[in-house]
Amino acid sequence: MIIPISEPSLEGNEKKYLMETVASSWISSAGEFVSKFEHSFSDYCGVKHGVATANGTVALHLALVALGIGKGDEVVVPNLTFAATINSVLYTGATPVIVDIEQESWCISPEEIEKAITKKTKAIIPVHLFGQPCDMERICDIANKYNLKIVEDCAQAHGAEYLGSKVGSFGDINCFSFYGNKIVTTGEGGMCVTNDTELNDKMRILKDHGMSKTKRYYHEVVGFNYRMTNMQSAIGAAQMERIDEMLMWRKELEKAYKSRFSEIQHLQLQKDDLANRKKVTWLISALVPAKKRNNCVQKLGEAGFDTRVFFYPLSSMSIYKSYVFSDKISTAIAEQGINFPTIRRLSNENIDDMAKILRDCL
Ligand SMILES: *Cc1c(COP(=O)(O)O)cnc(C)c1O
């Protein structure tokens, strides 16, 4: 493969700060960069507290445990997402309830959420898929009406906004991933952000073996080791110095794709003009007819362009099947979706080449 689908952008102070952790010998999870990164990231989201974690999956698990979700509870999740969303629910012993998505946004459908609610429902995990914010106004209304918790899964949408507020500022606890292909990366890493000081304190104890903050080696709850290292945080702190710039080149790239792909018949780029929503560019995404998709992927691959098809819908996998409430739209969309290379060094000529191949295929 000549052109990868994504690659981290590490041109700022990433190396410098990382080397500082090595030079100082503070390479484990104590060290100044952890709180520095937590503060810069939560400030960016407009949220009071940030709790750094080892990855995005354990951030979701930590959030659910801190909210008291467990056996006998139901948690509503979208059918089209990365498996970590539903796995985090299963880790707690709660029962996930898989619901369908909206046709236009590809995000969880508020109507389907409301239909799926039972007496056991305790929480909703809206996933801002491929940088597109969910309909947070309606989801928050539903949560208020039925007294449910919200845990936003923001792993693919750092910096996206709904009605002028950043994703990560709507739910009770909201989770990010900093995996290598995410908009902000620390290699592996995650964060829970919250405005609730009590939940913040609770998560800090839970992620550090459940150890008392005042009495060392005295454990108040059965906790986890979900800590992020100072090395990862150093990279994260450097990334946060450049987040606006990184989102800008991503947006410019999306525009370049849009101007070259919008005339291709039978190809529909992800919507970027939905009411109240300001999406960010994670992976450039588009739908093509299901029957032609695999041929498109193959032809692009032969020309050196790495692409990805969308996630399999959760409802299509036997381990999740029994949790499905509704899955019609997500099943259709998942079969049509392709993600295209979203890297800084992609040239307009590269996009022209892909457009030509797609025109031939479609
Ligand atoms: C990446 C991702 C996660 C998990 O993050 P990791 O850091 O890889 O554990 C969770 N949810 C979604 C939607 C993701 O894309």
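See the structure above.
Residues numbered from 1 in each chain as written. Predicted model: local features only at pLDDT ≥ 70, side-chain atom pairs only at ≥ 80, totals over all residues. Heavy atoms only, no water.

Draft legend 1. Local environment of the overall build of the protein chain. On a plain count of helices and strands, the protein chain comes out with twelve helices and 14 strands. Relative to its length of 362 residues, the protein chain is compact, with a C-alpha radius of gyration of 20 Å against a globular reference of 21 Å. Summarising its shape, the C-alpha atoms of the protein chain cover approximately 70 × 55 × 35 Å along the three principal directions. With 362 residues in all, the protein chain has 56% of them scored as buried. As displayed, the protein chain offers around 15,800 Å² of accessible surface, 52% of which is attributable to carbon and sulfur atoms. The positive charge centre, built from 42 side chains, and the negative charge centre, built from 44, are 3 Å apart in the protein chain. (Helix = DSSP H or I, 4+ residues; strand = E, 2+ residues; numbered from the N terminus. Rg over C-alpha atoms; globule rule 2.2 N^0.38 Å. Buried < 20%, exposed > 50% of the residue type's maximum accessible area, 1.4 Å probe, protein only. Areas by Shrake-Rupley, 256 points an atom, 1.4 Å probe, with all protein chains shown as cover. Lys, Arg positive; Asp, Glu negative; His and termini not counted. Charge placed at Lys NZ, Arg CZ, Asp CG, Glu CD.)

Draft legend 2. Region of interest: the sheet that holds strand S13 (residues 308–309). Across the sheet, which stays open at both edges, the four strands sit in the order S10-S12-S14-S13 with antiparallel pairing between neighbours. At either end of the open sheet lies a strand with only one pairing partner, and these are strand S10 (268–269) and S13. Pairing analysis gives two bridges linking S10 to strand S12 (residues 284–287), with the strands arranged antiparallel. Bridging across to S12, Gln 268 finds its partner in Leu 287. (Pairing = 2+ DSSP bridges.)

Draft legend 3. Structural detail: the site of the ligand. As a structural note, the neighbourhood of the ligand is formed by 14 residues, with Gly 56, Thr 57, Asp 153, Ser 177 and Lys 182 the closest of them. The contact in question runs from an oxygen atom of the ligand to an N or O atom on the side chain of Ser 177, over 2.7 Å. Taking Lys 182, its side chain carries an N or O atom lying 3.0 Å from an oxygen atom of the ligand. In isolation the ligand offers 380 Å² of accessible surface; the protein chains occlude 92% of this area. For the ligand, the cavity whose grid points lie within 2 Å of the majority of its atoms is the largest pocket. When residues of the shell around the ligand are traced back to their parent elements, those giving at least two are helix H3 (56–66) and helix H4 (84–92). The residue inventory of the shell around the ligand, partitioned by class, reads four nonpolar, eight polar and two charged. (Near = heavy atom within 4 Å. Polar contact = N/O pair within 3.5 Å; in protein donor to acceptor, adjacent residues only side chain to side chain. 1 Å grid on protein atoms, 1.4 Å probe; cavity = no way out; pocket = protein on both sides within 12 Å on 5 of 7 lines; lining within 4 Å. Sits in = over half its atoms within 2 Å of the grid points. Nonpolar A, V, L, I, M, F, W, Y, C, P; charged D, E, K, R; others polar.)

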